[in-house]
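Residues per chain are reported as follows:
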Amino acid sequence: MRLPRILPPAFLIALAVSLGPAPAPLLSSALAVQPDEVLGDPVLEARARAISAKLRCPVCQGENIDESNAPVSRELRLVVRERLTAGDSDAQVIDYIVDRFGEFVLFEPRATGANLLLWVAGPAMLLLGLGGAAAYLRRRQRQPDGAPAPLSAAEEARIAELMKE
Amino acid sequence: MLAPMIVELGHFTLVLALMLAAVQVVVPFWGAARGWTGWMALAAPLATLQFAAIAISFAALTWAFVTSDFSVKLVFENSHTLKPMLYKVAGVWGNHEGSMLLWVLILSGFGASLHGFGSGLPLRLKAHVLSVQGLIGFAFLAFILLTSNPFLRLAEPPFDGQDMNPLLQDPGLAFHPPFLYLGYVGLSMAFSFAVAALIEGRVDAAWARWVRPWTLAAWVFLTIGIALGSWWAYYELGWGGFWFWDPVENASFMPWLLATALLHSAIVVEKREALKNWTILLAILAFGFSLIGTFLVRSGVITSVHAFANDPERGIFILGLLAFFVGGALTLYAARAGTMEAKGVFSTVSRESALVANNLLLAVAAFVVFTGTLWPLVAEMAFGRKLSVGAPFFDKAFTPFMLILAVILPLGAILPWKRARLARAARPLAGAVALALALAALAFALGTGRSAIAPVAAALGGWLVFGAMTDLWLRAGRRPTRLKRLPRADWGRAFAHGGLGIVMTGIGCLTAWNLEDIRVVKPGESYDLGGYSFRLASVDEVRGPNYVARRAEIAVTRDGAEVGTMLPEKRFYPVAGMPTTEAAILQGSFRDLYIALGDPQADGGYAVRTYVKPFANWIWAGALLMAFGGILSLSDRRYRIAAGARRPAVAAAAATPAE
């Protein structure tokens, strides 16, 4: 199938800027990937789809380019397919796009620098929680059943009232 | 005569509700501090009055929408005379101001429910709970009146309105917000109970028994609300996704995770008088996350699909409320938590420990969703990096916790309290393990072998469902005749746990086996996908009440036999100037056929997207089963009895069969 030429990145960025924060593109729910974009090779197309799902539409509110209907997403989808047809690996394609649009378009933030905190947060919290739970469980095993707390005057009164009924 | 004044009446009762809320904060609290029963007893009637005042206010706004009174600014901005009646009513909460009014209506409704259901509650506890509830009501009523008044008039009423976002004009979405709010706001009761317990410095089994029904009700509503939202996204957004890890979805998911944890930890407090501090903390955090959710949605701080209010003033106000309530409650917690002694003793292998593990996994999972949702904000403010956190991150960082949870759940559910022997407890589950593995093998054989997702999901789903059945079987003492007489709470638990298994199976199989086809089709042409044959019979223009649409008629056959006719539409709403995709879905127990119609092409054909989505319905069916399990538990006689504990004869009768 015919592939359109790759647009110069400067043009893509200009396009992204001129469109500005799109007027709720997610809400204009139409079809994303158009029939003329689909690659003939199903393996390549599947890779393109997988990559597209990880890339954020630069002008939308939290859509990936695979779902997005914005013109810039279509251009990006075509770029992804162009790079793949040219023989790039998945990582190279993603790098190519991130180099031009910044890490904002990556839905899976790279585990570098401060982002390590994000990736480590869950497992670290689990370890911390496990430690706390283990300490708690040990205390619960040792501590004998204390004598029940003495009843307050109000409770005594309530019991007396219940007994009367 | 009165009709033109109805909107003003609603405005007036809203101010009245604010004042009633103020009285509801002060009088019962002061009464409790002084031990004046008369003042404490005023709490419940005040809560009911406040609810009545807000209900009148809400009715007035609904009236303005129903009669299309465009002199009210809110109605003008969000309605239109041609809009169908259902959406005129749903339009009341399809916008910021109205949805906040619904928020306080539900809040006051929960408070007033203590008037009816709280008759056995100690007077002092009730006074404290309603005082805290009144404070939340006061704060949010002030928020509405000061920053988001729905009753403002326009000096010159326009001829017609601007219509509501067409995507929101949908039955699934019409009821999505009320259910979510019932869930969010229902957690305010757990919060109020927690703060009241901190004020009084005691938490015991009775407290846990009181707090559980409200948490359970909130959880049921949240479950239904989230399922409705996900179902809506599935059929309305046009590509059949059901969960996007959108910040606003996360905002509803975090309270759900914590409410689930809270439900389970409250069981430990009720049965074993342990985990008290943790349960109080969870109750505070669960409502805290509801407030965070409200903040995220209302402030638009993390822009997403749902953020229809982008007003910093409102954002700061809600942030202030969040800081006040969560900060205040946590301060109180820090001061008082030490006074609450745990009593129960249990060994490392026991039901208690299993529930601790449940809480740990759910809380950490909620924490992961929280960090992922807020990370873009943190990264930009602290490190100057503009980045995104989306589905690929959450899929990797969140899913493992749910998998571990699913693995330990059936075992934990049948472990005895206090002290258990793992080998002996696990023995009855051998059948469930075998069936789960058989399902996994089946999924492996059916699949193309490229993905492990389906076999794993089938195994875990089977493990949960058969584990839940084993649980029931053991509870009934392995005697079928006793199954019928089991308490409803046991059935509720089995339904909820089994429902989770069905959700997991659905998600896994749909993810692994989803088939998609994108092509240009001309009328009269046919194509095949997944064993089905689709023929585009015709494409016509049709007209709806407030839209025009292009509608395709597609005949579906399988092996020559007719399966059905599908009518996907592409609509255009002229007033809002927006197109929407109305996908056609042919539902089935084991697969959905899903077609979305696209634009006409130069050669006279139409872009058509066709999907075969296996097990799609299982996701929502499972969620409904979970909610149904919650309702069953809620109707258990222990709670019905507890509600009427004043009648000693019934209470005595109930004491014997309860565990």
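The structure displayed is predicted, hence computed values, not measured ones.

Quick word on the overall build of chain B
At step 1: Along the backbone of chain B there are 22 helices and 10 strands.
At step 2: Taking 26 Å as the expected radius of gyration for a compact globule of 659 residues, we find that chain B reaches 26 Å, a close match to that expectation.
At step 3: Taking the principal axes of the C-alpha coordinates as reference, chain B spans close to 85 × 75 × 55 Å.
At step 4: For chain B, with 659 residues in total, the buried portion stands at 55%.
At step 5: Taking contacts inside chain B between residues at least 6 apart in sequence as the whole, the part at least 24 apart equals 74%.

A closer look at the overall build of chain A
At step 1: When you go through chain A residue by residue, the secondary structure sums to 6 helices and 0 strands.
At step 2: Starting at the N terminus and walking to the C terminus, you meet the elements of chain A as α-α-α-α-α-α.
At step 3: For chain A, buried positions account for 32% of its 165 residues.
At step 4: Relative to all contacts within chain A whose residues are 6 or more apart in sequence, the contacts with residues 24 or more apart total 62%.

Points about the environment of B:M402
At step 1: Positionally, B:M402 belongs in helix α14 (residues 391-414).
At step 2: Sequence spacing of B:M402 and B:A489 is 87 residues, and the spatial spacing of their C-alpha atoms is 24 Å.

Digging into unusual backbone geometry
Residue and element names in this part refer to chain B.
At step 1: Phi is positive for W245, which is not a glycine, with a value near 55°.
At step 2: In this structure, W245 sits in the loop between α9 (205-236) and α10 (247-272).
At step 3: For W245, a count of 20 C-beta atoms within 10 Å translates into the label buried.
At step 4: Of note in this structure, D559 is not a glycine but carries a positive phi near 50°.
At step 5: With respect to the element layout, D559 can be found in the loop between β4 (548-558) and β5 (561-566).
At step 6: Of the residues examined, D559 has 8 C-beta atoms within 10 Å and is grouped as exposed.

Quick word on the packing of α9(B) against helix α20 (residues 616-634) of chain B
Packed helix pairs are characterised by how far apart their axes lie and by the angle those axes make with each other.
Residues and elements named next belong to chain B.
At step 1: Where α9 meets α20, the closest approach of the two axes is 9 Å, and the angle between their N-to-C directions is 165°. Judged by the angle between their axes, α9 and α20 are roughly antiparallel. Viewed along their axes, α9 and α20 form a crossing whose handedness is left-handed. In contact with P213, L216, A217, W219, V220, T223, I224, A227 and W231 of α9, α20 contributes W620, A623, L624, M626, A627, G630, I631, S633 and L634.

Some thoughts on α9(B)
Residue and element names in this part refer to chain B.
At step 1: Along its 32 residues, α9 runs 46 Å from first to last C-alpha, staying within 8% of the 46 Å computed at 1.5 Å per residue.
At step 2: In the structure, α9 departs most strongly from a straight axis at R212, where the bend amounts to approximately 25° and where the proline P213 lies between one and four residues downstream.
At step 3: Extensive coverage of α9 is indicated by the burial of 28 of its 32 residues.
At step 4: Of the residues one or two after α9, G238 is the one with positive phi, at around 90°.

With respect to the environment of B:W30
At step 1: Examined against the element boundaries, B:W30 turns out to sit in helix α1 (residues 6-34).
At step 2: Along the primary structure B:W30 and B:R519 are separated by 489 residues, whereas in three dimensions their C-alpha atoms are 71 Å apart.

Considerations on the confidence of the model for chain B
Residue and element names in this part refer to chain B.
At step 1: With 93% of its residues at a pLDDT of at least 70, chain B reaches an overall mean of 86.
At step 2: Across chain B, the secondary-structure element scoring lowest on mean pLDDT is helix α22 (residues 648-655), at 39, and the one scoring highest is α20, at 94.
At step 3: Predicted confidence is poor over residues 304-309, with pLDDT under 50, and the contacts of this stretch with residues over four places away or in other chains come to 21 contacts.
At step 4: In the predicted structure, residues 643-659 sits below a pLDDT of 50 and forms 16 contacts with residues beyond four places in sequence or in another chain.

Digging into helix α16 (residues 430-446) of chain B
All names here are of chain B.
At step 1: Taking 1.5 Å of rise per residue, 17 residues should cover 24 Å, and α16 covers 24 Å from first to last C-alpha, within 8% of that figure.
At step 2: If you check which residues of α16 are buried, you get A432, A436, L439, A440 and A443. Buried residues of α16 fall within an arc of 100° about the axis and therefore sit on the same side. Of the exposed residues in α16, those oriented more than 90 degrees away from the buried face are A430, A434 and A445.

Details of the interface of chain A and chain B
At step 1: Residue-level contacts link 42 residues of chain A with 52 residues of chain B.
At step 2: Ranked by residue count, the leading element in the side of chain A that touches chain B is helix α5 (residues 115-142) of chain A, at 11 residues.
At step 3: Residue classes in the side of chain A that touches chain B are distributed as 22 nonpolar, 12 polar and 8 charged.

Describing the sheet that holds strand β10 (residues 606-614) of chain B
All names here are of chain B.
At step 1: Pairing is antiparallel in the open sheet, where 4 strands are placed in the order β1-β10-β9-β8. Of all strands in the sheet, those bounded by a partner on one side alone are β1 (515-521) and β8 (584-586). Each strand of the sheet is rotated relative to its neighbour by a mean of 15°, with strand direction disregarded.

Concerning the domain arrangement of chain B
At step 1: By domain assignment, chain B separates into domain 1 (1-169), domain 2 (421-513 + 618-635 + 644-655) and domain 3 (515-616).
At step 2: Just the C-alpha atoms count here: the centres of domain 1 of chain B and domain 2 of chain B sit 40 Å apart.

Quick notes on the confidence of the model for chain A
At step 1: Averaged over all residues, the pLDDT of chain A equals 75, while 75% of them reach at least 70.
At step 2: Confidence scores differ between elements of chain A, with helix α1 (residues 9-19) of chain A showing the lowest mean pLDDT of 37 and helix α4 (residues 90-101) of chain A the highest of 91.

A look at the nonpolar core
Residue and element names in this part refer to chain B.
At step 1: Counting residues in hydrophobic clusters, the biggest one holds 252 residues, and the most contacted among them are A190, F193, L258, A283 and A286.
At step 2: Tallying contributions element by element places α9 first for this core, with 21 residues.
At step 3: For A190, the contacting residues outside a window of four places in its chain are V211, W214, T215, L262, A283, A286 and F287.

A few points about the pairing of strand β2 (residues 526-529) of chain B
All names here are of chain B.
At step 1: The pairing of β2 with strand β3 (residues 532-543) spans 4 bridges and is classified as antiparallel. Within β3, the residue paired with L529 across the bridge is Y532.
At step 2: Between the end of β2 and the start of β3, which pair antiparallel, lie 2 residues, with G530 showing a positive phi angle near 55°.

Notes on the packing of helix α8 (residues 171-200) of chain B against α9(B)
Residues and elements named next belong to chain B.
At step 1: Between α8 and α9, the least distance of the axes is 7 Å, while the angle of their chain directions is 155°. In terms of axis orientation, α8 runs roughly antiparallel to α9. As α8 packs across α9, the resulting crossing turns out to be left-handed.

So, how was this worked out
Residues numbered from 1 in each chain as written. Chains lettered and ligands numbered in written order. Predicted model: local features only at pLDDT ≥ 70, side-chain atom pairs only at ≥ 80, totals over all residues. Helix = DSSP H or I, 4+ residues; strand = E, 2+ residues; numbered from the N terminus. Rg over C-alpha atoms; globule rule 2.2 N^0.38 Å. Buried ≥ 20, exposed ≤ 12 C-beta atoms within 10 Å, placed from the backbone. Contact = placed C-beta atoms within 7 Å. Axes fitted to C-alpha atoms, helices over the stretch in contact; angles between N-to-C directions. Parallel < 35°, antiparallel > 145°, perpendicular 65-115°, else oblique. Left-handed = near helix turned anticlockwise from the far one by under 90°. Expected span 1.5 Å × (residues − 1). Bend = angle between axes of the 7 residues up to and from the residue. pLDDT = per-residue confidence, 0-100. Arc of directions from axis to C-beta. Nonpolar A, V, L, I, M, F, W, Y, C, P; charged D, E, K, R; others polar. Pairing = 2+ DSSP bridges. Domains from an automatic or database assignment. Core = buried A, V, L, I, M, F, W, Y, C linked by C-beta atoms within 7 Å.

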